[in-house]
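What follows is the residue order along each chain.
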Amino acid sequence: MKLVNKHIEKDGSGYVTLRPEDDEDMWHVYNLISEGDHVRALAVRRVQTLSSTGSSDSFRVKTNLTLEVTKTAFSPAASSSQSNGTGEKKEPTASLQISGKVVEENEFVKLGAYHTLDLEANRDFRLTKTSGWDSIALERIQESTQEGRGAELGAIVCGEGTAAICLLSEHMTTVRQRIEVSVPRKRKGGTSGHEKAMENFLSTVYQAILRLIPYQDLKAVVIASPGFTKDTLYDYIFQQANLTSNKPLLSSRSKWIKVHSNTSHVHGLVEALRAPEVAKMLQGAKFAREGVGLDKFHKMLATDELRAWYGPEHVALAVDRGAVGTLLISDDLFRSSDPATRNHYVAMVEAVRSKGGEALIFSSMHESGQQLNLLTGIAAILTYPLDIEVVEMEEREERERLDKEKNGGGNEEE
Amino acid sequence: MLTNNQFSAAKAAKAASITQKSASLPGKPRTQTGTTPKSKLQPKTQPNSPVNSTSKAGSSGSNTPTNKGSGSKSPLTVAQQDLAGLHLDQEVDLEAEKEKYKERAALSMKTEELIAKVRKEEEESGKKNISLIVVGHVDAGKSTLMGRLLYDIGELSEKEKTANERGSKKIGKGSFAFAWGLDALGDERDRGVTIDIATTHFTTPHRNYTLLDAPGHRDFIPAMISGAAQADVALMVVDGSPGEFEAGFERGGQTREHAWLVRSLGVKEIIVGINKMDLVSWSQDRYEEIVEALKPFLLSAGFASAKTTFMPLAAMEGINILENDVEELKEWYNGPTLISALDKVEVPPRPYESPLRIPVSNVFKGQTAIASGVAVSGRLCSGVVQVGDRLRAVPGDEVATVRTIEVDEDSSPYAVSGQNVTLYLSGIDSINLSIGTILCPTSLPVPLVSKFTTQILVFDLQSPIIIGTSVELFHHSVNLPATVSRLVNVLEKGQVTKKNPRVLQKGMTATIEITLRSTSNNNARIPIETSQQNKEMGRVLIRRNGETIAAGEYYLYLRSSIR
């Protein structure tokens, strides 16, 4: 994404002009825009005019509109892929729609009219935050406008007869295709059915890989599976590449990594990315850090339950006590339509960082983020053990004391 | 059987009677299909009986009675016609209900006769059907032991054996010759590891055994679970050679996990074969040492000591399988041989009377002349099935007809619960069937759920279960990604000790809610029944990161009782 213009005052008011360039940028924009913000972008509007004789005429105009956002919708892969078969980078496919009321009138559109904008790649838009720019939003802009950011990775999670072909970027995992071929299991009296079906399965996956994985641009392509399927697939890919003398594929051979995973479902991806071979390739990419963070949390939960907390209320209590060493928080929570809720979480992140803690903001477009979402969206690893029940009791007592004081104060007045 | 001729005659008669009454009323297709089993029972009265066909026509048309009474004299008002179109006419509904009831009664009478017949035959021959799963740590010699057993019994021919011996020697894996009798896949033979369940059968004097040879490697536990769900008794093979038993028994070895798995999938009896005893020159001390280590563990895993048998074995040499003919062993061991132990295993009672349930474990295309077309195999959890039965494949709306039933590679007119069968189906496309489909009667399908409460026992695990834990749910042969969406309560001896716990630790019994993870384009649902309804259909296993973390049973709770 390109930052075209930025004008933000000390008090957090102001605007930025951005130019999204790929799918991931669209995801950033989706996370930046919240309800109530003003977005100015080029729109195509159908205008109807009524002539003096009563005949109506309608035409389309391109005009700049400013909307007060009421709804945003993001879809990671709107159009199905254009296949060029060369394993090269594609046009962006994600789409982002923004609906809202027009807040600046022009000659075509009245004030208060509704419009739905389609934000497009390589087209500028201006975003004004009415509630003010907070540190999380600014951080995201900085992150997303950095040049040459992030690792891009292809991944195939497979088992006998099932495969999911995924593309991972810094903030997004897109499952480009799920393949399911029914493979008969072994049976007394011949395994030809199994072998035929496996051959069919492998060739289906191979074709999909050629179509969907731009291996020339990727840092690495991971094949993950339980058992021997990964070896079978890997061998098949390069055997086919040899047969068809697919030079680009053959020369990318060093990028392909076989990793063991315990399941053939997509959630095996988290595990696969933790494997040392892959981690080395990624070198501190964001999604790798997220996976490690989540893993740490689970390990802490196993070794010292009192130092691993989750759930918004509980984590808030831990933050109040300055006990949080690592905060894991999903970007889902920042997308809340209620600014108060968002501010609450922003304050939490700032509090943790100010005390020297680490705050990891998980992207919910990644498998690890989704797992965090399922786990209420927020979790924390504490620096020292705290018993949740003791803390809750303290809180209760504190509240009672405050209540008493209040009541006591009231009595004195009387 | 009703011949084609008779059937079409019956159809024609019915069609004729309908056209006579009122040409505009379409016959309900369901009534037609419903009569098929009935006509089979009473072929004499069915085709031409006038009483029968009148009542048929009456029920197939929705508003005939009203028409009969007043139709010719005063035409129906518009409102009346509309109502008639809504099938609200009660009189007809009652008629239809009666018809349905009759059909079902006829069906169940037929099955009752069959059940009585099966019971009688079982008593006469004294042979009972039973399924055996062979489990144990990788390379304990499960496949080799079974290959040897089949060869000794005569199920594996001399010719096959020599072919396997030659083949395995060729690639330098001569010791796998017996295992090749079961490891048929190319990958399995190349790598010397069982990957998928091998199903075969053998007989002992008093039992018909279905043998399921499970893979021991941890990556293939899904296949092993699929097999264990079909088994009644387990044969656990442990490696007796120095160091190997310990490797398989320690944390991370498969011995423990397998024992837990088979027990929680309903296996009550276990035979432990301590294999490769020839490598320690039949040392009694070694044998005792292993037995002492395993006994308390198996007891804690839930196997009663009366249901646990230990025996020394040497699979490669075939010692103590059919008979014990080694002097060193005879000196201190006079217990049963493998075959005699297997012959005495108790057969659990079979739920013949319950509605039919067949969880499909394999779908393939039959290739021989008599057995062609879509074929499925699986084990009957409950009920009975006969050739000609119409079965519903759940999930899905498809109905198939059973064309041929194969039990132990022989065709059979029927199969009963507890048997592993291959069914050849007609009237269904194979895309509507997959591993995990449940075949059931059209009248009593299995419900589909996407979220359910289950009572679980938490096993040894690395990190505790919390809300949102991503798991894989295993139910018979299918495994699906799922999430623990709620921790409802913790139980101790059936009493709730804590509500809404934060975490579940090792050894806890708890009630949790599981939600299947749906992908963007499909809403995942699983056919499952509560344990109250059908024990075998309610069992689930929960795994995470390649370890089994809990076993559970699906219970239906009233909303109020879990809040």
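Quick notes on the rules
Residues numbered from 1 in each chain as written. Chains lettered and ligands numbered in written order. Predicted model: local features only at pLDDT ≥ 70, side-chain atom pairs only at ≥ 80, totals over all residues. UniProt positions renumbered as here; feature names shortened; annotations may be inferred. Helix = DSSP H or I, 4+ residues; strand = E, 2+ residues; numbered from the N terminus. Buried ≥ 20, exposed ≤ 12 C-beta atoms within 10 Å, placed from the backbone. Contact = placed C-beta atoms within 7 Å. Domains from an automatic or database assignment. Nonpolar A, V, L, I, M, F, W, Y, C, P; charged D, E, K, R; others polar. Axes fitted to C-alpha atoms, helices over the stretch in contact; angles between N-to-C directions. Left-handed = near helix turned anticlockwise from the far one by under 90°. Pairing = 2+ DSSP bridges. Core = buried A, V, L, I, M, F, W, Y, C linked by C-beta atoms within 7 Å. Expected span 1.5 Å × (residues − 1).

An unreviewed UniProt entry annotates chain B as Tr-type G domain-containing protein originating from Kwoniella europaea PYCC6329.

Per an unreviewed UniProt entry, chain A is named Protein DOM34 homolog, and its organism is Kwoniella europaea PYCC6329. In its Subcellular location (unreviewed entry) section, the UniProt record describing chain A reads: "Cytoplasm". Among the UniProt annotations of chain A, the heading Cofactor (unreviewed entry) holds the following wording: "a divalent metal cation".

Colleague: Can you break down the overall build of chain A residue by residue, with the values?
Modeller: In terms of regular secondary structure, chain A is built from 13 helices and 16 strands. Judged by the C-alpha coordinates and their principal axes, chain A covers about 95 × 80 × 40 Å. In chain A, buried positions account for 39% of the 414 residues. For chain A, restricting intrachain contacts to residue pairs at least 6 apart in sequence, the fraction spanning at least 24 positions comes to 69%.

Colleague: Account for the UniProt feature "domain: Tr-type G" (unreviewed entry) in chain B, naming residues and giving values.
Modeller: Here, UniProt's "domain: Tr-type G" (unreviewed entry) annotation points to residues 127-350 of chain B. Spanning residues 127-350 of chain B, this segment combines 38% helix with 18% strand, and its end C-alpha atoms are found 14 Å apart.

Colleague: Report on the domain arrangement of chain B, specifying residues and quantitative values.
Modeller: Residues and elements named next belong to chain B. By the assigned domains, chain B splits into domain 1 (4-108), domain 2 (128-343), domain 3 (358-441) and domain 4 (448-562). Using only C-alpha atoms to locate each centre, domain 2 and domain 3 end up separated by 29 Å. Each partner contributes residues to the interface: domain 2 has eight residues there, and domain 3 has six residues. Grouping the amino acids of the side of domain 2 that touches domain 3 by side-chain chemistry returns no nonpolar, eight polar and no charged.

Colleague: With reference to specific residues and values, describe the packing of helix α3 (residues 192-212) of chain A against helix α4 (residues 229-243) of chain A.
Modeller: Two packed helices can be described by the angle between their axes and the distance between those axes. All names here are of chain A. Contact geometry of α3 with α4 gives a least axis separation of 10 Å together with a crossing angle of 65°. Between α3 and α4 lies a crossing of right-handed hand. Together, Leu202, Val205, Tyr206 and Ile209 of α3 and Thr232, Leu233, Tyr236, Ile237 and Gln240 of α4 make up the contact between the two elements. Partitioned by chemical class, the residues of the contact of α3 with α4 number seven nonpolar, two polar and no charged.

Colleague: With reference to specific residues and values, describe the pairing of strand β15 (residues 438-441) of chain B.
Modeller: Residues and elements named next belong to chain B. Across two bridges, the pairing between strand β7 (residues 358-367) and β15 is antiparallel. Bridging across to β15, Pro359 finds its partner in Ile438. Of the strand pairs in this sheet, strand β10 (residues 390-394) and β15 are connected by four bridges, and their pairing is antiparallel. By the bridge assignment for β15, Arg392 is matched with Cys440.

Colleague: Break down the domain arrangement of chain A for me, with residues and values.
Modeller: When cut into domains, chain A gives domain 1 (2-145), domain 2 (153-283) and domain 3 (287-392). Using C-alpha coordinates to define each centre, domain 1 of chain A is positioned 37 Å away from domain 2 of chain A.

Colleague: Break down the nonpolar core for me, citing the residues and quoting the values.
Modeller: Across soluble globular proteins, nonpolar side chains have a tendency to be buried as a group. Residues Leu328 of chain A together with Leu132 and Ala228 of chain B are the most contacted members of the largest nonpolar core, which totals 195 residues. Sequence-distant contacts of Leu328 of chain A, defined by excluding residues within four places in its chain, comprise Gly293, Leu294, Phe297, Leu360, Phe362, Leu372, Ile378, Ala379 and Ala380 of chain A. One finds Leu167, Ile209, Ile237 and Leu249 of chain A within the second-largest nonpolar core, a separate group that totals 41 residues.

Colleague: Can you break down the packing of helix α8 (residues 286-303) of chain A against helix α12 (residues 367-374) of chain A residue by residue, with the values?
Modeller: Residue and element names in this part refer to chain A. The N-to-C vectors of α8 and α12 enclose an angle of 35°; their axes lie 9 Å apart at closest approach. Like other packed secondary-structure pairs, α8 and α12 cross with a definite hand, here left-handed. Where α8 abuts α12, its residues Phe287, Glu290, Gly291 and Leu294 lie against Ser368, Gly369, Gln371 and Leu372. Broken down by class, the residue content of the contact of α8 with α12 amounts to three nonpolar, four polar and one charged.

Colleague: How would you explain the interface of chain B and chain A if you had to name every residue and give the values?
Modeller: Residue-level contacts link 32 residues of chain B with 30 residues of chain A. The set of elements that each furnish at least two residues to the side of chain B that touches chain A consists of α9 (186-191), β2 (198-204), β7, β18 (470-475) and β19 (478-492) of chain B. Of the residues belonging to the side of chain B that touches chain A, the class tally is 12 nonpolar, 13 polar and seven charged.

Colleague: If you had to explain helix α7 (residues 142-153) of chain B to someone new, which residues and values would you point to?
Modeller: Residues and elements named next belong to chain B. A rise of 1.5 Å per residue sets the reference length of α7, with its 12 residues, at 16 Å; its end C-alpha atoms lie 16 Å apart and thus fit the reference within 8%. α7 sits mainly inside the fold: 10 of its 12 residues count as buried. The positive-phi residue at the C-terminal boundary of α7 is Gly154, with phi of around 105°.

Colleague: Residues and numbers for helix α8 (residues 158-170) of chain B, please.
Modeller: If you check α8 of chain B, its first and last C-alpha atoms are 18 Å apart, about what 13 residues at 1.5 Å a residue would give, namely 18 Å. Positive phi appears at Gly172 of chain B, one or two residues downstream of α8 of chain B, with a value of about 75°.

Colleague: Tell me what's going on with the pairing of strand β1 (residues 128-135) of chain B, and back it up with residues and numbers.
Modeller: Residues and elements named next belong to chain B. Within β1, seven of the eight residues are buried, leaving the element largely enclosed by the surrounding structure. Two strands pair when backbone bridges link them, and β1 and strand β3 (residues 207-213) are joined in this way by seven bridges, in the parallel orientation. Each residue of the ladder has a partner; that of Leu132, found in β3, is Leu211. Direction of pairing for β1 relative to strand β4 (residues 233-239): parallel, over a ladder of four bridges. Paired with Ile133 across the strands is Ala234, a residue of β4.

Colleague: Could you give an account of the sheet that holds strand β5 (residues 269-275) of chain B, naming the residues involved and the relevant values?
Modeller: Residues and elements named next belong to chain B. Read from one edge to the other, the open sheet built from six strands follows the order β2-β3-β1-β4-β5-β6, with strand pairing classed as mixed. At either margin of the open sheet sits one strand with a lone partner, and together these are β2 and β6 (308-312). Taking the axes of each pair of neighbouring strands and ignoring which way they run, one obtains an average angle of 25° across the sheet. Packed on one face of the sheet, α7 meets β1, β2, β3, β4 and β5 and runs near 150° to β3. Here helix α12 (residues 254-264) sits on the sheet and contacts β1 and β4; the angle it forms with β4, its principal contact strand, is near 175°.

Colleague: Summarise the sheet that holds strand β14 (residues 324-330) of chain A; cite the residues concerned and give the values.
Modeller: Residue and element names in this part refer to chain A. Read from one edge of the open sheet, four strands run β13-β16-β14-β15, paired in mixed fashion. A strand with exactly one partner marks an edge of an open sheet, and here the two such strands are β13 (308-310) and β15 (358-362). Adjacent strand axes in the sheet meet at a mean angle of 15°, parallel and antiparallel pairs treated alike. Here β13 runs beside strand β16 (residues 378-382); their pairing, made up of three bridges, is antiparallel. Looking across to β16, one finds that Tyr310 is bridged to Ala379.

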